[in-house]
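Summary of the model geometry
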Amino acid sequence: QVQLVESGGGLVQAGDSLRLSCAASGRTFSAYSMGWFRQAPGKEREFVGAIRWSNTRTYYADSMKGRFTISRDNAKNTGYLQMNSLKPEDTAVYYCAARVRYGLAYAKTEDYDYWGQGTQVTVSS
């Protein structure tokens, strides 16, 4: 199995940046993709972006493009979500997820096999 642990969340002001990390452990990590999602109170879990692990191709929800960047460090089995120009509406619990079965889908929660516990990001005005 794969265990995922997010870190890097916190309380920041609008306009600030955060870099979230997602560390994978429990097996030799060779996922097909790592995804990032967020969930604000009372709202559906929302796709943020994803990275194809092998070739680092990235995909983003339209509303995230230009501000968020996903990357990974294969040697560390860690994925990253760089968040710039944060806005209060970015406030949410951010989750990373791993797809370990073969397949190209990446934008829905059901496309992933393992999930982290989430890390809170709060952006004040």
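Everything in this summary refers to the structure shown in the same document. Bear in mind the structure is a predicted one, so any value in this text is a computation, not a measurement. (Residues numbered from 1 in each chain as written. Predicted model: local features only at pLDDT ≥ 70, side-chain atom pairs only at ≥ 80, totals over all residues. Heavy atoms only, no water.)

Another point: the pairing of strand β3 (residues 18-25). Both strand β1 (residues 3-7) and β3 contribute to a ladder of five bridges, which runs antiparallel. Among the inter-strand pairings, Val 5 is bridged to a residue of β3, identified as Ala 23. (Pairing = 2+ DSSP bridges. Helix = DSSP H or I, 4+ residues; strand = E, 2+ residues; numbered from the N terminus.)

Turning to the environment of Tyr 106, a few remarks are in order. On the secondary structure map, Tyr 106 appears in the loop between β9 (92-99) and β10 (114-115). With a relative accessible area of 26%, Tyr 106 lands in the partly exposed category. Along the primary structure Tyr 106 and Gln 1 are separated by 105 residues, whereas in three dimensions their C-alpha atoms are 19 Å apart. Not counting the four nearest positions on each side in its chain, Tyr 106 is found in contact with Phe 37, Phe 47, Ala 50, Tyr 59, Asp 111 and Tyr 112. (Buried < 20%, exposed > 50% of the residue type's maximum accessible area, 1.4 Å probe, protein only. Contact = heavy atoms within 4.5 Å.)

Moving on, we come to the side chain of Arg 67. Examined against the element boundaries, Arg 67 turns out to sit in the loop between β6 (58-60) and β7 (68-73). A residue is classified by how much of its surface remains accessible, and Arg 67, at 13% relative accessible area, is buried. Among the polar contacts made by the side chain of Arg 67, one reaches the main-chain carbonyl oxygen of Ser 85 at a distance of 3.1 Å. Only 2.8 Å separates the side chain of Arg 67 from the side chain of Asp 90, close enough to count as a polar contact. With residues up to four places along the chain from it excluded, the contact list for Arg 67 reads Gln 82, Met 83, Asn 84, Ser 85, Leu 86, Lys 87 and Asp 90. (Polar contact = N/O pair within 3.5 Å; in protein donor to acceptor, adjacent residues only side chain to side chain.)

This part is about the pattern of salt bridges. Pairs can form between side chains of opposite charge once their charged atoms are near each other. Considering all chains together, one arrives at four salt bridges under this definition. For Glu 46, the salt bridge is made with Arg 38, and the minimal N-O distance between the two is 2.9 Å. The class for Glu 46 is partly exposed, based on a relative accessible area of 31%. Using a relative accessible area of 9% as the deciding quantity, one classes Arg 38 as buried. Put simply, Arg 38, Glu 46, Arg 67 and Asp 90 are held in one network by salt bridges that share partners. (Salt bridge = Lys/Arg side-chain N within 4 Å of Asp/Glu carboxyl O.)

These values are about where atoms sit, not about what they do.
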